[in-house]
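# Architecture at a glance
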Amino acid sequence: MYRLLSAVPARAATPRGCAWGCGRRAAHQRAGLPQLGPGWVGGLGLGLGLALGMKLVGGLRGASPAPPPAAPDPEAPILSEPLPPQEQPLAPWSPHTPVPPHARRFARAIDSSRDLLHRIKDEVGAPGIVVGVSVDGKEVWSEGLGYADVENRVPCKPETVMRIASISKSLTMVALAKLWEAGKLDLDIPVQHYVPEFPEKEYEGEKVSVTTRLLISHLSGIRHYEKDMKKVKEEKAYKALKMMKETESDQEKDSKEKGGKSNEKNDFAAKTKIEQDNEAKGRNSKPCKKKNDFEQGELYLKEKFENSIESLRLFKNDPLFFKPGSQFLYSTFGYTLLAAIVERASGYKYLDYMQKIFHDLDMLTTVQEENEPVIYNRARFYVYNKKKRLINTPYVDNSYKWAGGGFLSTVGDLLKFGNAMLYGYQVGLFKNSNENLLPGYLKPETMLMIWTPVPNTEMSWDKEGKYAMAWGVVEKKQTYGSCRKQRHYASHTGGAVGASSVLLVLPEELDAEALNNKVPPRGIVVSIICNMQSVGLNSTALKIALEFDKDRSDIP
């Protein structure tokens, strides 16, 4: 009541109110009436206020129904009146807006994870970062920190759209899996069956076959951005030697523990000899300095490719770096070939087929990155120059690698995708206890195949894991009692020009009670996107997932 009544004298004190008051005073004088004192405006305001107050009191007593509101006068001044509590406008942006009701159950995990993200953001100097977390299929936290657009001071928010880079590979895997389930794609026949434009290959004079399955797990031998085969092979040899050295060291340690102190002298002599031999080998096989991905020219292509078949010309005539199936060599170009296979096996253009999948998964903000379309909430992307100053990244055209790193998305869409995969992975386990469950987007046996580690592969973002089929997978492991317990999880990271990303799925360790009383998906899904390149986010996502797993409780 106080705020409403005070609006009237406040209006009288404005310049417009003064002009109105002065006009009334002049008319009063022209009529020959006694001169008004200087307090007449305040008295009039008080009188109007009391009259209005009595009218409101009468209305509250039910004296008469309130008349319908008159049509607004477009020329009338707008009074600032408070809205009812439920209609109060939200602040432009707040880290707690909006908060799902059940998010309060994870308040400790949210506070801890927010603090961790602030630390990571400050450590790497990222302009902006966005995180989303779901528990058992329900989004419980999403938040943006920093800026999506530094120049215009546009803050990050859950709806911010960023490059997801190599998480695009996991999306492409869904297309391949649907075609495989439908019997339209054979994973183990030569790719020339679908794409004859890709030439048959030889390795060291021997004819070899490149299959879809090998392409998916980066075992095809097709190069990545580095074109120098010698540098790649030297780096591989150096890594293998280093791993061998670590393995031998572990074996010696175990042998020493078993053999006791009696063999200490012999062990020491043998260890010294091995170290000397390995050091000599390391000096001889130390690789040449290899450029990282962000120093490779092909990452900054500006050429527009009309379709996947056309973009094959970038690499189709290059030799294989390794014999197919023999060594792991991460290759985004391998997924460009997979996009061509999707087109031929499905009969649709790759992007059209992917948009159908995004529609089915309710991923409505996930699109291919193109410069021309207006994409709401799209962030800008940044990098630091040689002088350590923040600058905009150069323009790039990702049409040559839609399948391997060319999509834009939000954390919300990535959570939906992760939960769809988790549901398909678990629904077969729950089927016996709940026959009313809907089928997963992919069959349980398909998801089991996708999330099964493939031998002879590597997971660069977590040395404990292996690459599977367009996902990295870490298996459950515990070596010693009351010591570190390695949880089973699946994830994929992404690194693009001016962007970093991760999508991580931590399935619940299900017991008989959970299978009888709960429904899938059961587990934690974390997605993080950032508008700065070369930011490792997998360990951060895993820490956040474990924080929420610690605080999890039954959500109705």
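Described below are features of the structure shown in this document.

What counts and what doesn't
- Residues numbered from 1 in each chain as written.
- Predicted model: local features only at pLDDT ≥ 70, side-chain atom pairs only at ≥ 80, totals over all residues.
- Heavy atoms only, no water.
- Phe/Tyr/Trp six-rings, centres within 6.5 Å; stacked < 30°, edge-to-face > 60°.
- Helix = DSSP H or I, 4+ residues; strand = E, 2+ residues; numbered from the N terminus.
- Buried < 20%, exposed > 50% of the residue type's maximum accessible area, 1.4 Å probe, protein only.
- Axes fitted to C-alpha atoms, helices over the stretch in contact; angles between N-to-C directions.
- Parallel < 35°, antiparallel > 145°, perpendicular 65-115°, else oblique.
- Left-handed = near helix turned anticlockwise from the far one by under 90°.
- Contact = heavy atoms within 4.5 Å.
- Nonpolar A, V, L, I, M, F, W, Y, C, P; charged D, E, K, R; others polar.
- Expected span 1.5 Å × (residues − 1).
- Polar contact = N/O pair within 3.5 Å; in protein donor to acceptor, adjacent residues only side chain to side chain.
- Salt bridge = Lys/Arg side-chain N within 4 Å of Asp/Glu carboxyl O.
- Core = buried A, V, L, I, M, F, W, Y, C linked by side-chain atoms within 4.5 Å.
- Pairing = 2+ DSSP bridges.

Taken as a whole and assessed by the stated rule, the structure comprises 15 aromatic pairs. For the pair Trp141 and Phe548, a centre-to-centre distance of 6.1 Å together with 20° between the ring planes defines the contact as stacked. Placement of the pair is Trp141 in strand β2 (residues 138-149) and Phe548 in helix α17 (residues 538-551), with a sequence separation of 407 residues. Both residues of the pair, Trp141 and Phe548, count as buried. Aromatic side chains Phe198 and Phe315 sit 6.4 Å apart centroid to centroid with 50° between the ring planes, which places their arrangement in the tilted category. Linking Phe198 in the loop between α6 (167-181) and β5 (201-203) with Phe315 in the loop between α10 (308-311) and α11 (332-346), this pair joins segments that are 117 residues apart in sequence. Per residue, the accessibility class of Phe198 equals that of Phe315, and both read buried.

Quick look at the packing of α6 against helix α14 (residues 411-430) now. Where α6 meets α14, the closest approach of the two axes is 12 Å, and the angle between their N-to-C directions is 45°. The orientation of α6 with respect to α14, classified from their angle, is oblique. Here α6 runs over α14; the crossing is left-handed. Taken together, the residues of α14 that come into contact with α6 (itself represented by Ile167, Ser170, Leu171 and Val174) are Leu414, Phe417 and Met421. In terms of residue class, the contact of α6 with α14 is made up of six nonpolar, one polar and no charged.

The subject of this paragraph is α11. Helix length check: α11, at 15 residues, gives a terminal C-alpha distance of 21 Å against a target of 21 Å (1.5 Å per residue), a fit within 8%. Most of α11 sits out of view: 14 of its 15 residues are buried. For α11, the N-terminal cap is Ser331; the gap from its side-chain oxygen to the backbone nitrogen of Phe333 is 3.4 Å. At the C-terminal side of α11, Gly347 shows a positive phi close to 85°.

Residue position: Gly465 is located in the loop between α15 (444-450) and β11 (466-467). Using a relative accessible area of 8% as the deciding quantity, one classes Gly465 as buried. Placed ten residues apart in sequence, Gly465 and Glu475 show a C-alpha to C-alpha distance of 6.9 Å.

Okay, the pattern of salt bridges next. Tallied over the entire structure, the rule returns 26 salt bridges. The partner of Lys476 in a salt bridge is Glu509, and the shortest N-O contact between them spans 3.9 Å. Here the residue Lys476 occupies a position in the loop between β12 (472-474) and β13 (489-496), and Glu509 occupies one in the loop between β14 (499-507) and α16 (512-517), the gap between them amounting to 33 residues. With a shortest N-O distance of 2.9 Å, Arg522 and Glu508 are connected by a salt bridge.

Here the focus is the nonpolar core. Formed by 125 residues in total, the largest nonpolar core has its most connected members in Leu337, Trp451, Ile528 and Phe548. Of the residues forming this core, the biggest block, nine residues, is contributed by α11. Setting aside chain neighbours within four positions, we find Leu337 in contact with Val191, Val195, Phe198, Leu215, Ile222, Leu312 and Phe315.

What follows covers α6. Here α6 spans 22 Å end to end across 15 residues, near enough to the 21 Å set by a 1.5 Å rise per residue. Of all 15 residues in α6, twelve are buried, a share of seventy percent or more. Regarding α6, the residues found buried are Ile167, Ser168, Lys169, Ser170, Leu171, Thr172, Met173, Val174, Ala175, Leu176, Ala177 and Leu179. Immediately downstream of α6, the backbone of Gly183 shows phi near 80°, a positive value.

Now for the sheet that holds strand β7 (residues 367-368). The pairing of strands in a sheet comes from backbone hydrogen bonds and takes either a parallel or an antiparallel form. Across the sheet, three strands lie side by side as β4-β10-β7; this open sheet has antiparallel pairing. Each edge of the open sheet is held by one strand with a lone partner, namely β4 (162-163) and β7. Summarising the sheet, β4 and strand β10 (residues 407-409) pair through two bridges and their orientation is antiparallel. Following the sheet pairing, Arg163 is matched in β10 by Leu408. Contacts between helix α12 (residues 350-360) and the sheet are confined to β7 and β10, with β10 contributing the most and set at about 20° to the helix.

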